[in-house]
Every structure is written in structure tokens, then in C-alpha cells.
Amino acid sequence: MARERAVSGRLVVLTGGGRGIGAATARALAAEGARMVLLDLDADAAAAVAAEVDGASYGCDVTDLEGLPGVIDRIETEQGRIDVWINNAGIMPLNRIEDEPAATTRAIVELNLMAVLVSTKELVRRFKGRGQRDGHVVNISSAAGRSPVAGAATYSASKAAVSMFSNALHFELRADEAGVDVSAVHPGMVSTELATGFTKTGGISPATPEQVADAVLSVVRKPRMNVYVPAIIDTTLRVGGLMPSRLGEWTMRASGGDKVALAALADPARAAYEQRAAHSAPAAEHPEENPA
Ligand SMILES: NC(=O)c1ccc[n+]([C@@H]2O[C@H](COP(=O)([O-])OP(=O)(O)OC[C@H]3O[C@@H](n4cnc5c(N)ncnc54)[C@H](O)[C@@H]3O)[C@@H](O)[C@H]2O)c1
């Protein structure tokens, strides 16, 4: 049974807090009294949300891996001891793999995976080093890390790695009995710019960023290894895991789940998001701008 923790008064650092799921999470946690520090590549967007939630913000590229320890030091000097770190910043450029520029593959891995590994390690080292028994890292993974998404193979791989890293570390930390926790949150499709062009599949409508924010709030309160949004995804994955693989593949095709990202890839409405993701650092190349 997970121990319940207070949210009020705790210092929570959230990456990618300038929009989408990050902004909704900042609002939900601040409403419960958390002191929010938002990091985002888009300094203006983070500052606007920080002003709303009476928090602080830093313009920051979390893929600057060598600079991350210095950013954490600066936050602790200026804002106080970090209690919770939420790795939320992420990108999902869609591509058929043969069209994916090398810079895009690297950008997805650097942001969605490397920044998560390096920051989690830095925080766990600090939490354990100072005997902070309520230190917590929450990693925003994706249902795409548990169930493959055609047209987002590199993204799926990055999120699968985040989930497995978080789960392995969860057991490592529990075995240490140091009181430090790591959790993985797995949203399905969520109505943010990142999911532009995705349509409802298998009868499941997109969740709202606020629903994901509520799930993050609940896991900050009661640390657990895995959370799914909506919760039915957990059951679907467990049932799918028991199916013979051919039936699993048939179900994926019958539900249209194998086509949804490929359809979004062809949707002109997605261009603005793809351009923004292409400028996340280290810069991803937009295939149409820079053919590989
Ligand atoms: N929207 C979905 O359908 C969905 C589903 C499952 C998981 N997720 C995950 O949730 C997280 C948030 O997604 P979202 O939909 O809110 O995306 P979003 O694009 O709306 O917001 C992402 C934020 O991250 C920031 N960011 C990008 N690169 C950065 C960098 N290098 N350093 C610091 N900040 C950076 C962006 O400026 C932006 O404010 C991501 O990890 C995403 O993979 C999203």
C-alpha cells in the first residue's frame, strides 16, 4: 500500500511546463498548494504559466545534458530543496522510418530519453545523498511505450525505454528502502498540439491535459510504479498481453490502431506542430525542410 504524501508546500520542478500536459499539471499541483518551478525551451510560455500559478520559471533546454546539474543547483539555490521532479518535456515528430532524418532520430532520443535518464540520476543521487525520504521523480512516458505506434517508431522506442528505466529503478529504490520513488505515467492520446491529426481509435476519445494532470497529482500524492490515463489502458494492455500474438496483431489492425499516426502524418493540420518539434533542441530536421 503506497504511503500518502502532502502536496502543499512541496517544491515541484516540471519540464515542458509552458503548454499542453505540463501547463495543466502545473495548474493542478499549484491548486493543491505545491510550489511550482517550470522549465521550458519556450521561456515566454513557461513564464506565462508560472505567473498564473504563482511559481517560478526558467528558459532551459533539458537536452543540454552537461548543463543539467548546474540548472538543478541553481534551482535549489534560488528556490529551495527540490521535492519532486517531473520529466514531461517531449516531442513526437511522425515519420516513416526511411524518411526520418538522423537529426530527428537523435533529437527524439536526446529529449525523450537521455534528458530523463540524466536528470533522474542527478535527482536520485541528491535525494539519497541527503537522506531525503520523500524525494520523487515522475516520468511522463506514453501508452506508445507499451503498445507500438506505426509512424512513430522512434518515439515508441524512446517511451518504452523511459517506462522500463522507471520500472527497473522503482524496484532498485524500493530494495534500498531509502524512501525515494520513481513513477511512470502513461497517457494514451491527449488533446494537445503534439497529437494534432490523431483521430479517435478503438472507441477511445483523446483524454484532456487536465485528466493527465489529475493522474500526475494522484501519483505525487501516492507514489506508484505505473499510472495509465485513462486507467482502462492498463486493462487493455494486460488482456492484449494474454492474447496469442496473431490475435493481438489482428486486434490492432481491426481497431485501426496501426493506421492512426500514419493518417496524422498526412494531415496538413499537423505542420505547425511538426515545425515546432523540429526546432526543439538539439534541433530535429523537418523532412520537408531538409530532405535526408
Ligand atoms: N499529447 C499526447 O497525446 C501525449 C500522449 C502520451 C504522452 N505524451 C507525453 O506528454 C509529454 C507532454 O506532451 P504534450 O502533449 O503536452 O506536448 P506539447 O508539445 O504540448 O508540450 C511540450 C512542451 O515541452 C517543451 N520542450 C520541447 N523541447 C524542450 C527542450 N529541449 N527543453 C525544455 N522544454 C522543451 C515545449 O516547448 C512544450 O512547451 C511528452 O513527453 C509527450 O511525449 C503526450
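Scroll up to find the structure.
It should be emphasised that the depicted structure is a prediction, and the values quoted were computed from it without experimental measurement.

Peer 1: Go over unusual backbone geometry, please, and point to the residues and values.
Peer 2: Backbone torsion omega between Val229 and Pro230 reads -5°, so that peptide bond is classified as cis. Tracing the chain through its elements places Pro230 in the loop between strand 7 (226-229) and helix 7 (232-242). For Asp54, which is not glycine, the phi dihedral falls at a positive 60°. Even without glycine at this site, Glu177 takes up a positive phi of about 55°.

Peer 1: Got a sec to walk through the site of the ligand? Specific residues and values, please.
Peer 2: Taken together, 33 residues are adjacent to the ligand, and Gly16, Gly20, Gly90, Thr192 and Ser280 come closest. Of all the secondary structure elements, the ones that give two or more residues to the shell around the ligand are helix 1 (20-31) and strand 2 (35-40). Top element by residues in the shell around the ligand is helix 1. It accounts for three residues. Considering only residue class, the shell around the ligand consists of 17 nonpolar, eleven polar and five charged.

Peer 1: Mind laying out helix 1, listing which residues take part and the relevant values?
Peer 2: Residues three or four positions apart in an α-helix share a direction because the helix packs 3.6 residues into each turn. Here helix 1 contains twelve residues, and its C-alpha end-to-end distance of 17 Å stays within 8% of the 16 Å for a straight helix at 1.5 Å per residue. With respect to burial, helix 1 is a largely interior element, nine of its twelve residues being buried. Within helix 1, the full set of buried residues consists of Gly20, Ile21, Gly22, Ala23, Ala24, Thr25, Ala26, Ala28 and Leu29. Those residues of helix 1 hidden inside the fold are in contact with strand 1 (11-15), strand 2, helix 2 (43-52), strand 4 (84-87), strand 5 (136-140) and helix 6 (209-221). Two residues or fewer past helix 1, Gly33 is found with a positive phi of approximately 100°.

Peer 1: Explain the nonpolar core to me, and be specific about the residues and the numbers.
Peer 2: By size, the foremost hydrophobic cluster in this structure holds 78 residues, and its most contacted members are Val13, Met36, Leu38, Ile86, Val185, Val212 and Val216. The element best represented in this core is helix 4 (residues 102-129), accounting for nine residues. Once residues lying within four places of it in the same chain are set aside, the contact partners of Leu38 are Leu14, Gly17, Gly18, Ala26, Ala46, Val49, Ala50, Gly55 and Ser57.

Peer 1: Hey, could you go over helix 2 for me, with residue numbers and the actual values?
Peer 2: Looking at helix 2, one finds that the buried residues are Ala45, Ala46, Val49 and Ala50. The buried residues of helix 2 occupy an angular sector of 135° when projected down its axis, which confines them to one face. Counted as exposed and oriented over 90 degrees from the buried face of helix 2: Asp44 and Ala51. Among the structural elements, helix 1, strand 2 and strand 3 (56-59) are those in contact with the buried residues of helix 2. Immediately beyond the C-terminal end of helix 2, within one or two residues, lies Asp54, with a positive phi of roughly 60°.

Peer 1: So what about the pairing of strand 4? Which residues, and what values?
Peer 2: The two faces of strand 4 match: Val84 and Ile86 on one face and Trp85 and Asn87 on the other face are all buried. Pairing of strand 1 with strand 4 involves three bridges; the strand directions are parallel. Directly across from Val12, in strand 4, lies its bridge partner Val84. Summarising the sheet, strand 4 and strand 5 pair through four bridges and their orientation is parallel. If you follow Val84 over to strand 5, its bridge partner there is His136. This β-α-β element, strand 4 to helix 4 to strand 5, shows right-handed connectivity.

The rules behind the values
- Chains are numbered independently. Their residues run from 1 in the order of the written sequence.
- Predicted model: local features are reported for residues with pLDDT of at least 70 only, side-chain atom pairs are reported and counted for 80 or more only, and whole-chain, interface and lining totals are derived from all residues.
- Helix and strand labels come from DSSP, where a helix needs a run of H or I of at least four residues and a strand needs a run of E of at least two; each type is numbered from the N terminus.
- Defining nearness, a residue is near a molecule or strand when the C-beta atom obtained from its backbone falls within 6 Å of it.
- Residues are grouped as follows: Ala, Val, Leu, Ile, Met, Phe, Trp, Tyr, Cys and Pro are nonpolar; Asp, Glu, Lys and Arg are charged; every other residue, Gly included, is polar.
- Expected span of a helix: the number of residues minus one, times 1.5 Å.
- Exposure is read from a count of other C-beta atoms within 10 Å of each residue's own; the residue is exposed at 12 or fewer, buried at 20 or more and partly exposed in between. C-beta atoms are placed from the backbone.
- Contact between two residues is assigned when their C-beta atoms, built from the backbone, lie within 7 Å.
- By our criterion, buried Ala, Val, Leu, Ile, Met, Phe, Trp, Tyr and Cys residues that link up through C-beta atoms within 7 Å make up a nonpolar core.
- The arc in question is traced by the directions running from the helix axis to the C-beta atoms.
- Each pair of strands is called paired provided DSSP finds at least two bridges between the two strands.
- Looking down the strands as they point away from you, a crossover is right-handed if its path from the first strand over the helix to the second goes clockwise.

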